[in-house]
Number of protein chains: 2
Amino acid sequence: MASKIELKSLVKPRSLKTFTPGETVQLQGMVFNTRVTKWGGFILLRKPEGVVQIVIQNDKTVITDEKGEAITLNALSRESAIAVDGVVNASNIKDPASANNQIEIAADAIRVISAPSTTDLIDQNSIQFDPDTSLAFKLDHRQVTLRNPRDMAIFRVNAVIVKAFAEFLTANGFTQIFSPKIVAEGAEGGANVFSMDYFGKNVYLAQSPQFYKQIGVGVFERVFEIAPAYRAERHNTSRHLNEYISLDVEMGFIKGQEDVMLLESCLLEHIIRTVESECAHELAFLKAELPKMPHTIPVFRLSETHEILMQHYADKMSMDHRGEPDLAPEEEVLICDYALKEFDSDFVFITHFPSSHRAFYAMDDPDDPTLTISYDLLMRGREITSGGQRIHKEEQYIEKMLKRGMHPENFKFYLETFRNGMPPHGGFAIGLERILSGFLGIPNIKEVSLFPRDINRVAP
Amino acid sequence: MASKIELKSLVKPRSLKTFTPGETVQLQGMVFNTRVTKWGGFILLRKPEGVVQIVIQNDKTVITDEKGEAITLNALSRESAIAVDGVVNASNIKDPASANNQIEIAADAIRVISAPSTTDLIDQNSIQFDPDTSLAFKLDHRQVTLRNPRDMAIFRVNAVIVKAFAEFLTANGFTQIFSPKIVAEGAEGGANVFSMDYFGKNVYLAQSPQFYKQIGVGVFERVFEIAPAYRAERHNTSRHLNEYISLDVEMGFIKGQEDVMLLESCLLEHIIRTVESECAHELAFLKAELPKMPHTIPVFRLSETHEILMQHYADKMSMDHRGEPDLAPEEEVLICDYALKEFDSDFVFITHFPSSHRAFYAMDDPDDPTLTISYDLLMRGREITSGGQRIHKEEQYIEKMLKRGMHPENFKFYLETFRNGMPPHGGFAIGLERILSGFLGIPNIKEVSLFPRDINRVAP
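Given the structure is predicted, the values throughout are model-derived calculations rather than measurements. (Residues numbered from 1 in each chain as written. Chains lettered and ligands numbered in written order. Predicted model: local features only at pLDDT ≥ 70, side-chain atom pairs only at ≥ 80, totals over all residues. Heavy atoms only, no water.)

**Quick look at the packing of helix 9 (residues 302-313) of chain A against helix 10 (residues 329-343) of chain A**
Residues and elements named next belong to chain A.
Now for step 1: Put simply, helix 9 and helix 10 touch, their axes get as near as 10 Å, and they point 75° apart. By the angle between their axes, helix 9 is roughly perpendicular relative to helix 10. Between helix 9 and helix 10, the contacting residues are Thr 305, His 306, Ile 308, Leu 309, His 312 and Tyr 313 on the first element and Glu 331, Leu 334, Ile 335, Asp 337, Tyr 338 and Lys 341 on the second.
Now for step 2: The residue inventory of the contact of helix 9 with helix 10, partitioned by class, reads 6 nonpolar, 3 polar and 3 charged. (Axes fitted to C-alpha atoms, helices over the stretch in contact; angles between N-to-C directions. Helix = DSSP H or I, 4+ residues; strand = E, 2+ residues; numbered from the N terminus. Parallel < 35°, antiparallel > 145°, perpendicular 65-115°, else oblique. Contact = heavy atoms within 4.5 Å. Nonpolar A, V, L, I, M, F, W, Y, C, P; charged D, E, K, R; others polar.)

What follows is the structure in structure tokens.
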């Protein structure tokens with residue numbers, strides 16, 4: 001055999017946080033910035049956890065280019081991939097992007113592994129440092145502009161949220177499923193659906209895994225999914241994405257939607273605690289304060305919410321919203337303000353939306369069938385999730401579909417699920433970008449999507 | 001406030017494996033089957049972990065229907081959602097679908113929470129029990145036929161593979177990313193791409209996250225993604241899916257593709273060990289034996305592979321494959337047989353595929369530019385993954401694109417990534433359904449996709 005792979009030789013990357021003064025180290029990374037002084041200078045080396053300061057002494061440090069020839073620090077391009085040999089020294093770094101502000105590295109040798117062909121984009125300092133650079137420019141060159149500590153911090157928090165979501169649900173008996181995104185019917189109805197040709201058939205991109213997660217409950221009792229979802233909305237606002245990541249949960253054998261709301265609250269608390277403990281550096285850098293989740297989260301009915309706001313915030317509202325079938329954006333902001341002041345909570349549940357304004361699968365309230373057993377969860381002035389109890393009887397689905405002018409024969413496989421027995425169940429979907437945006441206090445959702453898709457943007 | 005959610009009251013579901021004789025228990029589940037005897041009978045209750053036997057005694061157990069009226073066991077429909085009150089008794093259950101074969105539950109009370117409207121589908125025993133039921137029928141009614149121990153075991157293993165994949169990579173410094181599936185260009189080229197209208201633009205469904213994971217390396221050094229991928233292939237075989245889950249990995253600062261191959265080997269070993277320890281019940285039920293991963297995995301060049309097979313298996317091959325640019329399916333089977341016999345390995349790496357037969361981003365071998373630094377990993381007779389080192393210099397991309405008649409101006413954002421500096425890097429993609437199928441010895445990939453998509457099937 002020409003060669004072989006020996007399993008035991010995998011070396012885990014070491015965290016910069018474990019580096020201690022006096023150690024001889026070798027590390028590799030990208031040159032984020034350089035500063036030349038009379039006696040040598042500094043390299044800010046970019047690592048996944050943040051930057052680390054490398055000290056260059058002209059009389060000691062040898063810098064070589066890709067061909068092995070000696071060069072000066074001045075000739076070292078930003079965004080070069082380099083290898084560093086050196087010794088860890090104690091330090092006191094003020095840069096908030098620093099991965100470990102207790103250390104720096106005195107370099108013996110710097111070797112360029114790969115240099116960029118130009119640095120035209122990078123040399124516009126604005127791309128990496130200036131928060132005033134236009135969002136359009138940053139998004140147009142996302143493939144490079146992501147290489148800055150702020151964006152890196154955002155997407156490290158993103159990854160930790162997803163990890164915490166999956167680990168909490170797995171520990172609570174949920175099975176992760178993967179449902180198709182090419183579907184024959186849209187689950188949410190309406191015109192906001194992308195269609196395409198699939199070998200001569202007209203098909204859709206899934207607006208949500210709703211049907212499939214309900215089917216999953218019939219099989220596994222409790223399921224979750226982490227996957228893209230598609231909405232062909234023509235809005236181009238700071239709140240809309242046409243492709244987003246939906247964190248979906250569905251559970252069986254519930255007594256009512258309170259079981260679902262409790263699960264979601266405990267899940268969010270676990271996510272917040274995990275981000276708090278694993279992303280202290282990122283939160284500090286982003287000056288982000290995580291939302292407050294008290295042990296008691298307030299719950300208001302929609303009708304009650306309109307009343308509370310008229311009572312306490314009439315002067316701050318453009319109009320009287322009582323009797324409306326949904327919350328107005330200004331009401332979302334104000335009821336969150338109320339929940340924070342009265343209950344010290346950045347979260348508030350709103351329940352009992354009118355049946356006419358919720359999806360057909362929402363269970364109607366037996367006490368008042370014009371309402372549904374459904375909820376929205378608001379965080380810091382915005383809806384981050386919709387949930388509730390679902391219908392679990394075929395005859396109730398058919399009755400509701402017919403009442404709405406829908407055609408049960410278009411939902412054959414879905415209805416077969418209920419015809420063959422289903423437990424009472426409910427669930428919710430969290431928009432990943434929405435909670436990330438809320439956690440970090442970044443209002444424009446496009447900034448917290450790695451490569452956002454909107455009505456004008458399909459690249460990069 | 002009308003109500004509130006108290007965080008501390010969440011109860012984790014208890015595993016049936018922790019049930020001990022003498023305990024009084026309450027549990028809920030679906031009636032998978034019933035058996036009536038003279039003195040009472042049995043219910044096989046379906047839980048996510050498997051089934052549990054409930055013992056009914058006519059003179060002791062009270063069974064009530066949805067309205068609270070007493071019924072006989074005979075009147076209890078399969079696929080009813082029920083609540084059981086009873087006492088755990090020691091037992092010795094032979095059913096391999098049993099979640100805990102040391103116990104059964106003597107029921108005091110059975111309460112029907114929700115009964116199916118009909119059981120026409122379920123009463124065809126074939127759906128749930130008979131392995132000879134046609135795959136087409138099973139897939140047509142997947143929403144119900146998944147409710148059997150075999151399919152449940154398959155998809156529990158699926159979830160554990162995904163969990164192990166993410167946990168190993170996270171522990172090794174990889175950041176999980178989410179890249180768009182609506183893209184302006186296909187990464188893999190060719191005609192096998194689904195296109196659609198996106199607000200008046202023609203766009204594609206991503207064949208792979210290749211461009212985005214490479215961009216991710218420039219930012220985070222090491223990234224992974226778990227997401228659907230799309231191939232508009234017209235083949236309708238047991239090896240093809242038009243939508244599948246791709247487990248993608250990309251890492252920077254590699255010395256060569258051996259670093260990538262080592263990472264993938266260690267990752268697969270971790271996945272195998274995790275499945276072994278967490279899915280013992282499922283593996284036993286499916287009579288599956290996990291693949292053997294020795295500490296030394298053999299690696300052969302493509303040209304060497306052709307030679308070895310001519311030397312050892314000439315009589316088993318339909319023709320002489322030497323000089324061909326890829327492995328023939330019969331060669332995939334035979335080289336795996338060779339690796340198992342000679343190296344006790346169910347895995348074998350094949351390297352150095354011709355440049356003409358690999359994607360444009362594969363790095364050409366400096367020792368022989370007609371070849372690439374790329375590999376396939378075969379397991380048990382099938383390719384489960386492709387990987388290798390990628391080009392990291394813009395000028396090499398442009399040169400290779402022009403040589404192939406590709407238009408660099410169509411890849412503007414991708415090329416900008418390399419122009420602005422990239423470390424040497426490489427990665428691989430594992431087809432989730434392919435490793436699941438190989439682990440479990442289930443040859444038809446459609447059986448291991450929850451809701452498979454092929455040229456004829458977009459529902460359920």
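Now that the structure has been shown, we can carry on.
**Quick notes on helix 12 (residues 412-419) of chain A**
Now for step 1: In terms of residue burial, helix 12 of chain A counts as a mostly covered element, since 6 of its 8 residues are buried.
Now for step 2: A:Gly421 sits one or two residues past helix 12 of chain A and shows a positive phi near 95°. (Buried < 20%, exposed > 50% of the residue type's maximum accessible area, 1.4 Å probe, protein only.)

**Thoughts on the sheet that holds strand 15 (residues 347-351) of chain B**
Now for step 1: Pairing within the open sheet is mixed, and its 9 strands lie in the order 1(A)-14(B)-15(B)-18(B)-19(B)-20(B)-13(B)-12(B)-8(B). At either margin of the open sheet sits one strand with a lone partner, and together these are strand 1 (3-6) of chain A together with strand 8 (175-176) of chain B.
Now for step 2: Pairing between strand 13 (residues 243-252) of chain B and strand 20 (residues 425-431) of chain B: 7 bridges, direction antiparallel. Looking across to strand 20 of chain B, one finds that B:Asp248 is bridged to B:Ala429. (Pairing = 2+ DSSP bridges.)

**A word on the relation of the copies chain A and chain B**
Two chain copies, one operation linking them: a rotation about an axis together with a shift along it.
Now for step 1: Once turned by 180° and shifted 0.0 Å along the axis, chain A lies on chain B with an RMSD of 0.0 Å. Those values place the two copies in the arrangement expected of a two-fold rotation axis. The position closest to the rotation axis in chain A is occupied by the C-alpha of A:Met196, lying 2.5 Å away.
Now for step 2: A symmetric contact is evident, with 100% of the interface residues of chain A recurring at the interface of chain B. (Least-squares fit on C-alpha atoms with pLDDT ≥ 70 in both.)

**A short note on the environment of B:Cys266**
Now for step 1: Tracing the sequence through the fold places B:Cys266 in helix 6 (residues 257-278).
Now for step 2: Take B:Cys266: its relative accessible area is 6%, and that puts it in the buried class.
Now for step 3: Put simply, B:Cys266 and B:Met293 are 27 residues apart on the chain and 9.5 Å apart in space, counted from C-alpha to C-alpha.
Now for step 4: Apart from the residues within four sequence positions on either side, B:Cys266 is in contact with A:Leu7, A:Leu10 and B:Phe168.

**Considering unusual backbone geometry**
Generally, phi is negative for residues other than glycine and the peptide bonds are trans, each holding for most cases.
Now for step 1: Following A:Ala459, the chain continues to A:Pro460 via a peptide bond in cis, the omega torsion being -5°.
Now for step 2: Relative to the assigned elements, A:Pro460 resides in the segment after helix 13 (432-440).
Now for step 3: Notably, A:Lys287 is not glycine yet its phi reads approximately 50°, a positive angle.
Now for step 4: Its place among the elements puts A:Lys287 in the loop between helix 8 (280-286) and strand 14 (296-301).
Now for step 5: A residue is classified by how much of its surface remains accessible, and A:Lys287, at 76% relative accessible area, is exposed.
Now for step 6: A positive phi angle is found at B:His352, which is not glycine, with a value near 60°.
Now for step 7: Residue classification places B:His352 among the buried residues on the basis of a relative accessible area of 14%.

**Quick word on the confidence of the model for chain A**
Now for step 1: With 96% of its residues at a pLDDT of 70 or more, chain A has an overall mean of 94.
Now for step 2: Across the whole predicted complex the pTM is 0.97, and at the interface the ipTM reaches 0.97. (pLDDT = per-residue confidence, 0-100.)

**A short note on the interface of chain A and chain B**
Now for step 1: Contact residues are listed per partner, giving 126 residues for chain A and 126 residues for chain B.
Now for step 2: Overall, the association of chain A and chain B removes approximately 10,400 Å² of surface from exposure, summing both partners, and the carbon and sulfur fraction of that is 65%.
Now for step 3: The largest contributions to the chain A side of the interface with chain B come from A:Ile5, A:Leu7 and A:Phe199, which together make up 8% of the buried area.
Now for step 4: Counting across the interface, chain A meets chain B through 4 salt bridges.
Now for step 5: A salt bridge links B:Glu221 to A:Lys47; the shortest N-O distance between them is 2.9 Å.
Now for step 6: For the pair chain A and chain B, the interface holds 46 residue pairs in polar contact (both at pLDDT 80 or more). (Buried area = accessible area lost by both parts, 1.4 Å probe. Salt bridge = Lys/Arg side-chain N within 4 Å of Asp/Glu carboxyl O. Polar contact = N/O pair within 3.5 Å; in protein donor to acceptor, adjacent residues only side chain to side chain.)

**Focus on the environment of B:Lys201**
Now for step 1: Tracing the chain through its elements places B:Lys201 in strand 11 (residues 201-205).
Now for step 2: Spatially, the C-alpha atoms of B:Lys201 and B:Ala184 are 9.0 Å apart, while their sequence positions differ by 17 residues.
Now for step 3: Setting aside anything within four residues of it in sequence, one finds B:Lys201 in contact with A:Ile455, A:Asn456, A:Val458 and B:Met196.
Now for step 4: Among the polar contacts listed, one links the side chain of B:Lys201 to the backbone oxygen of A:Asn456, at a separation of 3.5 Å.

**Some remarks on the packing of aromatic side chains**
Now for step 1: In the structure shown here, the tally under the stated rule is 44 aromatic pairs over all chains.
Now for step 2: Geometrically, the ring pair formed by A:Phe211 and A:Phe411 is edge-to-face, given 6.0 Å between the ring centres and 75° between the ring planes. In this pair, A:Phe211 is assigned in helix 6 (residues 210-220) and A:Phe411 in the loop between helix 11 (394-403) and helix 12, connecting sequence segments 200 residues apart.
Now for step 3: With relative accessibility at 3%, the residue A:Phe211 sits in the buried group.
Now for step 4: Pairing B:Tyr198 with B:Phe199 gives two aromatic rings, centres 4.8 Å apart and planes at 70°, and the pair type is edge-to-face.
Now for step 5: Grouping aromatic residues by their ring pairs yields a cluster made of A:Phe211, A:Tyr212, A:Phe360, A:Tyr361, A:Tyr397, A:Phe411, A:Phe413, A:Tyr414, A:Phe418 and B:Phe451.
Now for step 6: Across the ring face of A:Phe353, the terminal group of A:Arg358 is positioned such that the distance to the ring centre comes to 4.4 Å. (Phe/Tyr/Trp six-rings, centres within 6.5 Å; stacked < 30°, edge-to-face > 60°. Lys NZ or Arg CZ within 6 Å of the ring centre and 35° of its normal.)

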